[in-house]
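Geometric and topological summary
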Amino acid sequence: MAKCKTDCIERPLSLVFQKFGSVVGRYPYVFLLFPLFVAAGLGAGFIFLQEREANDIEDQFTPVNGPAKLERAIVVENFPQSEEFSQLRLTSEGTYGSLIITGFREENILTEAAFIDILELDRQVKNITTGNTFKNLCAKTNGNCMSNPILEIINYNATQIVSSAITYPMNNGMFLGTIIGGVQLKQDSSEISSAKAVRLFYFLDEEKTMENSEWLNGFLKLLSNYTQQKTVHVSYFTSISRQNEFETNSDSVIPLFSVTYFLAITISILSCLRLDCVRTKVWVAAFGVVSVGLAVLASFGLLLFCGMPFAMTVATAPFLILGVGVDDMFIMISCWQKTEVDKAVEVRLAETYKEAGVSITITTLTDVLAFYIGLLTSFRSVQSFCMYTSTALLFCYVFNITFFGACLAYNGRREKGNRHWLTCMRVPEEASGDAKGCCIGGAYDINTRQEFEMPMDSFFKNYYGPFLTRVWVKVLVCLIYAGYLAVSIYGCFQIQEGLDLKHLAADGSYVGDYYDNEDEFFSDFGPNVMLVIKDEHFQYWNPTARKSLDFCLDNVQNLTMADSDIPPISWLHVYVQLGMNSGFDVNNETQFKSHLTAFLNYSGFSQDVNFSNNQILASRMFVQTVNIRTAIDEKNMLNAFRETADECGKLQTPVDLIVYHPAFIYFDQYAVIITNTIQNIVVATCLMLAISLLLIPNPLCSLWVTFAIASVIVGVAGFMALWDVSLDSVSMINLVICIGFSVDFSAHISYAFVSSEKSSLNKKATDAITKLGYPIVQGAVSTIAGVVVLAAAKSYIFRTFFKIMFLVILFGAIHGIAFIPVFLTFLSTCGKTCSKKKKENLSNSTNGPQAGTDMSNSRTNIVEAHTDPDCY
């Protein structure tokens, strides 16, 4: 029944492809020219490329509906930006330039000599003129530019740095945790003894967007050429640096495209090269790569016409598509070479399509579905990549059975006329294959009327297959697999989550230097988290309500990542204390509200309370965090603060509280990255299982395919962690790709095993390896060749893509030619289909020759489409 069900799907499709192949062989010029016109027409969509580019980091690399974005909207609505600048109260990163200044050889920075250089640098920055001066553009407080606290402490006099007694982290009510880094305190004192770094900020008025951008570019120009420091080292950064560096990243891979296509054409030609000047497939291989290029041009152009955003991650897609696309070419060539050479070209092409059509349809379906599943993710960068890549793979499939099929037909006509591959001149025919001359060709096997078997098939049939099925080799393979699985599982527990923002910049960028110094010297203190009470009905004058709020604040303050030594910045605490000292009743609603406006105006808390129409619509307080050094710390802090805020809403007198900081926009990735990855993997695996059940006439062996998928995913996830790759939106793309490729390798080897007519399990395994060993190696090499140049990219994103694709293909291929064949020999159930089939053959053979002929014909299957791509 299982075989019948599979044949019911396979046989009609094979007949459709057979008829289509006949049409292509009869009218190749139509299928050659029409795809060219389509590619040219759709390729015009590239005129919209610049308009469609979507390089905004927040938009592309943070969850689409992340909680922090909703929290930010609440904060912006209730606390509009004030003319009085406050870094603490920013709802975004702000617009700024920043310097981290360290001493040479990490010596103490708090010296007179160092501050002479620092003050000179500060002077030059403030004198930058780009049509506007810093004084005109700066963010102001009380009419003056926002100053740097450390320079205010010494009154811009370098000599005072030695004599000034500076306490840390609070100095006269001023927080210095983000200003002075690498601090050593005097014994039993909060006074600074030495420090290794000083950070300066130059904030600009955010409303002056165009002028700010010009000034910040001037800032970068000054610092990139600044070499006058005598005692200090300077790293620099601006609010536009990360975005600028990210946008230039894709430029670094453009030169690699030409290298990739050269590699692909070279590998394709070498693997399809024969010494026979007629049977060699040089031009076919070259046009196979051209077919993939046309597919990329047409598919990308179509999506650009449709307005699909073009994220930077899409720049990696052509490398992958090229590697995957030529696989179908190899299968088509393989099947062509298994047809009889003396038949008409259209008949040979019809037989080629009959054998290869279903197979390349199945592999395309698995790969495309794996990518389309990526659209379920919350990251636009992943959605964009998956849409472009899946659509391009569909176009590769269409161009392969049209454009490349036409090229194969024309090449067949050349072979039919026994013409030289380069000159197209007729050459003497040599059927035996013994001739060595460069102008004699057209050899074929006289017995089978097919082209000669290739050496790689002989290797897998006569050497590798028998070797793999020896008992001691099977034991060794099992031990190697156990080691692989152990290392993979260990690696899975070492996975780091999230995309480090410094990785969005190219290697050697000034951005990386700044982030490294920030991590080294300023990680003792984390963000100052905003606690927003958004309940407009909260009764601040009610002692019970205030007690609930104090309880919430205590819970937040008691978190391990909150600094218990620095009290929360709370307007309410100050106001209540003022009421007690001034004699008005803060427990009375009328008195509470009547004094509030005056208090807010002179106390500096006017930006912390949304007091309108005699009603407090919202208010906010701030809690300082500490020791946020790693991505895990960031994740734990975010979760702890949000969970504590949720608990506040469940008190007897509930406090409707949200927590927010601009960095939470990026921290949100930690909340969804694992769930998104698991969701995509589970959905994709279920779909692949369904496809394998249709493909493989044995449910138990279909489970082996699912096992292979899980095994490859675990291996890739574990080894990528050991290879310093984090689980982020970039690597998540590749884990989904895992599924499609592992099906390509494992499903076909399993089906070849099940469908084999051999009598023993070992012979079945050898037969399957003989048919699929070289196609698996060939496909793996071509795919890795498509992405290997990315290893030389200067961008983390592109290198990550290479690393994971390398692991995916390596482990998928090893499973296909080693692990799965060996494991299948342990599972005798998978051989029952063949046994039943043999009995049916014996039974049917008694019913006459016609029955035997039908049974022989019924053995056509998908795997035979993969049988050894006889191209060399």
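This one's a predicted model, so the numbers in the text were calculated from it and none came from an experiment.

This part takes up the pairing of strand β11 (residues 232-238). Among the seven residues of β11, six are classified as buried, and the element is accordingly described as predominantly covered. In terms of strand pairing, strand β2 (residues 96-103) meets β11 through seven bridges, oriented antiparallel. Bridge pairing links I100 to S235 in β11.

Glancing now at helix α6 (residues 112-126). The terminal C-alpha atoms of α6, which comprises 15 residues, lie 21 Å apart, in line with the 21 Å expected from a rise of 1.5 Å per residue. The elements touched by buried residues of α6 are β2, α8 (149-153), α9 (160-163), β10 (197-203), α10 (209-224) and β11.

This next bit is on helix α5 (residues 67-78). With twelve residues, α5 extends 17 Å from end C-alpha to end C-alpha; this agrees with the ideal 16 Å at 1.5 Å per step. Looking only at α5, the buried set comprises A68, K69, E71, V75 and N78.

What follows deals with the confidence of the model for the protein chain. Of the residues in the protein chain, 90% have a pLDDT of 70 or more, and the chain-wide mean is 84. With pLDDT under 50 throughout, residues 1-6 is counted as low confidence; its partners more than four residues away or in other chains account for eleven contacts. Note on residues 832-872: pLDDT under 50 across the span, and 99 contacts to partners over four residues away in sequence or across chains.

For the rest of this paragraph, the subject is the packing of helix α14 (residues 317-337) against helix α15 (residues 345-373). Packing of α14 against α15 brings their axes to within 8 Å, and their N-to-C directions diverge by 150°. The angle between the axes of α14 and α15 places the two elements in the roughly antiparallel class. As α14 runs across α15, the sense of the crossing is right-handed. Of the residues contributing to the contact of α14 with α15, the split by class is twelve nonpolar, four polar and four charged.

This brings us to the packing of α15 against helix α16 (residues 380-416). Running from amino to carboxyl end, α15 crosses α16 at an angle of 170°, the nearest separation of the two axes being 10 Å. Taken together, the axes of α15 and α16 are roughly antiparallel relative to one another. A per-class count over the contact of α15 with α16 returns 16 nonpolar, ten polar and five charged.

The biggest cluster of nonpolar side chains holds 253 residues, and the ones touching the most others in it are L99 and W571. Considering each element in turn, this core owes the most residues, 19 residues, to helix α29 (residues 796-825). Here W571 is in contact with Y540, F592, L596, F599, F605, D608, V609, I616, S619, R620 and M621, once residues within four sequence places are set aside.

Read across the sheet, four strands follow the order β14-β15-β13-β16 without closing on themselves; strand pairing throughout is antiparallel. Looking at which strands have only one partner, the edges of the open sheet turn out to be β14 (609-612) and β16 (657-660). Recorded for the sheet is a direction-independent mean angle of 20° between the axes of neighbouring strands. The pairing of strand β13 (residues 525-533) with β16 spans four bridges and is antiparallel. Its bridge partner lying in β16, I533 is registered against L657.

Thresholds, definitions, all that
Residues numbered from 1 in each chain as written. Predicted model: local features only at pLDDT ≥ 70, side-chain atom pairs only at ≥ 80, totals over all residues. Heavy atoms only, no water. Buried < 20%, exposed > 50% of the residue type's maximum accessible area, 1.4 Å probe, protein only. Helix = DSSP H or I, 4+ residues; strand = E, 2+ residues; numbered from the N terminus. Pairing = 2+ DSSP bridges. Expected span 1.5 Å × (residues − 1). Contact = heavy atoms within 4.5 Å. pLDDT = per-residue confidence, 0-100. Axes fitted to C-alpha atoms, helices over the stretch in contact; angles between N-to-C directions. Parallel < 35°, antiparallel > 145°, perpendicular 65-115°, else oblique. Left-handed = near helix turned anticlockwise from the far one by under 90°. Nonpolar A, V, L, I, M, F, W, Y, C, P; charged D, E, K, R; others polar. Core = buried A, V, L, I, M, F, W, Y, C linked by side-chain atoms within 4.5 Å.

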